Amino acid sequence: MALRDRPPQVLAKELGLGAAAYAALGAGKPVAAVPLAGQPDAIFQAASLTKPVVALAALRLVQAGRLELDAPVSRYLPGGYKHFHNALRRAPGDAFDLLPASTLARVTVAQLLNHSSGFPNWSSGRLSFKSEPGERWGYSGEGYVLLQNVIEAITQADLAGYLERHLFAPLGMGDTSLVWRDSFGARAVGGSMLLGIQQRVRFHSAVAASTLYTTAADYARFMAAVLADDAVLALILSRTVETDKPLGLKWGLGWGIEQSAGGPCIWQWGNNPGFRAFAMANVVSKGGFVVLTNSENGMPLAASIAHAILPAEHNAFRFPWVA
């Protein structure tokens, strides 16, 4: 029996997951939050599932007329961009380089959102283009950190606080934050890396690409807000860039896009050391799910849940970055 055909509860046990949970959506509404391993109210690192959250904040600024998708990034950062060489170390004295406005003028806001900025995923030195902006898809955490600086410049607020006030609190996402809270306490599970190494990093600085703490139930509330807003969905599905033509995968504004018989599915994976996560929803039926695990062995669980909730062939799970 293929892994995707195993029931999620059975597969979680077979994979040896210490903590795992998923939440399902039906017709755009959260319908179930299911613990598969460990404590039922566990808080996980959601890794790159952070990016769609930040994208929603950006798209709402677009809807409000405060941000333009086709505008050059230099419009919002006319003094240039201080790129820190370690995204988690951005205090005075930490290593950085400065991208001038003339470089930022080559990149649009939309290109940051759909990973066609030309920037690498991460750079521990001077930030430079790997390809021409707009030329092709290239996954970029650096692009989302640059987007974070754009949002902070527009709102005059730090991203963690802005999301708390304008997204998490209004949606009732009380167990979600872009930075560590002491109130998370023992509910925040550590990650399990290969060879059994445990990871308990606490993020005290917000990084738009990767530092989200959340529960499966909370992230389902976020997904429901996305699916309820047809104007946001239309934006997500616009400005697409080819990601993997043989697999029929593209990237829109904040989400991957998979074409399926039942209509487009939006999706995103998460991969932090010791954690794996995945979210997917069909924009027509508005069914979907999010799964969070505290193990580098956790990704096969996503295919099992997708097979149960969104029965179809999902080429997203054949994409090399999903591991």
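Everything numeric here is computed off the predicted structure, so don't read it as measured data.

The rules behind the values
- Residues numbered from 1 in each chain as written.
- Predicted model: local features only at pLDDT ≥ 70, side-chain atom pairs only at ≥ 80, totals over all residues.
- Heavy atoms only, no water.
- Helix = DSSP H or I, 4+ residues; strand = E, 2+ residues; numbered from the N terminus.
- Rg over C-alpha atoms; globule rule 2.2 N^0.38 Å.
- Buried < 20%, exposed > 50% of the residue type's maximum accessible area, 1.4 Å probe, protein only.
- Contact = heavy atoms within 4.5 Å.
- Areas by Shrake-Rupley, 256 points an atom, 1.4 Å probe, with all protein chains shown as cover.
- Lys, Arg positive; Asp, Glu negative; His and termini not counted.
- Charge placed at Lys NZ, Arg CZ, Asp CG, Glu CD.
- Pairing = 2+ DSSP bridges.
- Axes fitted to C-alpha atoms, helices over the stretch in contact; angles between N-to-C directions.

J.: Would you take a moment to explain the overall build of the protein chain for this structure?
T.: What the protein chain contains, in helices and strands, is nine helices and 14 strands. In terms of overall size, the protein chain behaves like a compact globule, its C-alpha atoms giving a radius of gyration of 19 Å where 323 residues would be expected to give roughly 20 Å. Structurally, the protein chain occupies a C-alpha span of about 55 × 45 × 35 Å along its principal axes. The buried share among the 323 residues of the protein chain stands at 58%. Residue pairs in contact within the protein chain that sit at least 24 positions apart in sequence constitute 62% of those at least 6 positions apart. With the model as given, the accessible surface of the protein chain reaches about 12,800 Å², and the carbon-plus-sulfur share is 53%. Both charge centroids of the protein chain, one from 27 positive and one from 23 negative side chains, sit 1 Å from each other.

J.: What exactly am I supposed to notice about the environment of Leu61 here?
T.: Along the chain, the position of Leu61 falls in helix 2 (residues 50-63). For Leu61 and Asn297, which are 236 residues apart along the polypeptide, the C-alpha to C-alpha distance reads 37 Å.

J.: What's the story with the sheet that holds strand 11 (residues 256-258) in this structure? I'm lost.
T.: The strands making up a sheet are joined through hydrogen bonds of the backbone, oriented either antiparallel or parallel. One open sheet accounts for eight strands, arranged 2-1-14-13-12-11-10-9; its pairing is antiparallel. Since the sheet does not close on itself, it has two edges, and those belong to strand 2 (29-37) and strand 9 (241-244), each with one partner. When strand polarity is set aside, the average angle formed by the axes of neighbouring strands in this sheet is 25 degrees. Of the strand pairs in this sheet, strand 13 (residues 275-282) and strand 14 (residues 288-293) are connected by six bridges, and their pairing is antiparallel. Bridging from a neighbouring strand, Ala281 pairs with Gly288 of strand 14. Contacting strand 1 (20-26), strand 2, strand 12 (265-272), strand 13 and strand 14, helix 7 (residues 216-228) runs over the sheet at an angle of about 25 degrees to strand 1.

J.: Is there a simple way to explain the side chain of Glu142 in this structure?
T.: Along the polypeptide, Glu142 turns up in helix 5 (residues 141-155). For Glu142, the residues in contact, after removing those within four places along its chain, are His83, Phe119, Pro120, Asn121, Trp122, Ser123 and Leu127.

J.: What's the story with the side chain of Ser131 in this structure? I'm lost.
T.: Structurally, Ser131 is set in the loop between helix 4 (109-113) and helix 5. Note on Ser131: relative accessible area 10%, which makes it buried. Residues in contact with Ser131, not counting those within four places in the same chain, are Gly118 and Arg136.

By themselves these figures say nothing about function.
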